[in-house]
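Letter by letter, the chains look like this.
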Amino acid sequence: MLWQLDPAAAATISALLALLVVAAFIRDERRRASALFAAGAGLLISILLIASAAASAHLDPQQPARRISLGSGFWILLSIAVLACFQSLQRATRLWKIAPPLMLVGAIVLIIASGKLDSLSLAREFHAQRAVFVIELVRHIGLVAMAVLLASFCAVPLVVTAVYRPSARTAIFTTLNLLQTIPSIALFGLLIAPLSFLAAHVPLARAAGIGGIGATPALIALVLYGLLPLVRSADAGLRNVPMDVQESARGMGMGPREIFWKVDLPLALPALISGLRLVTIQSIGLAIVAALIGAGGLGIFVFQGIGEYALDLVLVGALPTILLAVAADALFQIALANLRTRP
């Protein structure tokens, strides 16, 4: 419990929570954002240091197998701290959106690198899985990157057809909506039989690594799931290009192809990036399930932890997945902000 901690630690957490409450009533937006970020960042760093100190105090050298796990209070305070930091950055300037978060991340990295968190069972579980973790993290990122890239290529002809051939638009979106309703595990299962048949009867496919399990069915499923957001956002962006702008381009002597590249595409770019953002974050999460069919990735730790009823092992896979999604979202948000401020 909070009051069972060291009095100084409990007072620090209480003071930072009080600062968050006070910050909510500050009328000036800049001062409110500064107070929110200061309180959130301070709370985040404080609970990490306090949790590590409490864990060290509870370890017993006579019981080397003893584990100290993080309780629900820690995760609630962590959520409050992260939400406060994100809220403070919503209406911040470009420099404020980049510099303070980088400083906060740097401080957290220093705390982790110093070994202060090594007493926690989560850190011990990570150290036990460290060699495999790096391999699976790279595999997870590679799977997501390849899926987003292939989905983008596959979406191009579908978008062009949907925008410039209205008769085919209904069929395209009906098919993509139907694919989106299939549960991920069911889609992975549906792909096992045809890909196994293909690998068994086509030597070239088998030599290329195509099979009923592994990365191939996971990649196909992620691409299929990514098509609808990409096509829908691109379709909306291209259809919302003002007609008077297109007419002005025609009046300047531009042809249809030139209008597309110099007028339609630049104006639709924010919608395209929003679609890519959605697909990337969606793929990062769905790639967890791909571990069930042998595709690897961070899902290995999640399902292994579920099978062994080891929450800390589940978190070894879940927390990096969340961080990847947040990092991807932040990068796309920065790209969109830069795009909107461009004259």
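This structure is a prediction, so every number in the text was calculated from the model and none was measured.

(A) Inspection of the domain arrangement of the chain at higher detail. Partitioning the chain into structural domains gives domain 1 (2-117) and domain 2 (130-337). For domain 1 and domain 2, the distance between their C-alpha centres works out to 34 Å. A buried area of about 390 Å², summed over both sides, lies between domain 1 and domain 2, and 73% of it is on carbon and sulfur atoms. Run the count over domain 1 and domain 2 and you get one residue pair in polar contact (both at pLDDT 80 or more). Classifying every residue of the side of domain 1 that touches domain 2 gives three nonpolar, one polar and no charged.

(B) Geometry of the pattern of salt bridges. One pass over the structure, following the stated rule, counts four salt bridges. Here Arg277 makes a salt bridge to Asp329, at a shortest N to O gap of 2.5 Å. Remark: Asp329 occurs in helix α14 (residues 311-341) and Arg277 occurs in helix α12 (residues 256-286); sequence separation between them is 52 residues. Note on Arg277: relative accessible area 25%, which makes it partly exposed. Here the residues in one salt-bridge network are Arg169, Asp235 and Arg239, joined through shared partners.

(C) How the structure looks around helix α3 (residues 72-88). Over its 17 residues, α3 runs 24 Å from end to end, which matches the ideal 24 Å to within 8%, given 1.5 Å per residue. All of the buried residues in α3 are Phe74, Leu77, Leu78, Ala81, Ala84, Cys85 and Ser88. Angularly, the buried residues of α3 cover 130° about the axis, an arc narrow enough to put them on a single face. Of the residues in α3, the exposed ones pointing more than 90 degrees away from the buried face are Ser72, Ile76 and Leu83.

(D) Region of interest: the packing of aromatic side chains. Scanning the entire structure with this criterion turns up three aromatic pairs. Here Phe74 and Trp75 contribute two aromatic rings whose centre-to-centre distance is 5.1 Å and whose plane-to-plane angle is 85°, an arrangement assigned as edge-to-face. Assessed through its relative accessible area of 11%, Phe74 is described here as buried. Measuring from centroid to centroid gives 5.9 Å for Phe133 and Phe301, while their planes differ by 35°, and the two rings are tilted.

Conventions we followed
Residues numbered from 1 in each chain as written. Predicted model: local features only at pLDDT ≥ 70, side-chain atom pairs only at ≥ 80, totals over all residues. Heavy atoms only, no water. Domains from an automatic or database assignment. Buried area = accessible area lost by both parts, 1.4 Å probe. Polar contact = N/O pair within 3.5 Å; in protein donor to acceptor, adjacent residues only side chain to side chain. Nonpolar A, V, L, I, M, F, W, Y, C, P; charged D, E, K, R; others polar. Salt bridge = Lys/Arg side-chain N within 4 Å of Asp/Glu carboxyl O. Helix = DSSP H or I, 4+ residues; strand = E, 2+ residues; numbered from the N terminus. Buried < 20%, exposed > 50% of the residue type's maximum accessible area, 1.4 Å probe, protein only. Expected span 1.5 Å × (residues − 1). Arc of directions from axis to C-beta. Phe/Tyr/Trp six-rings, centres within 6.5 Å; stacked < 30°, edge-to-face > 60°.

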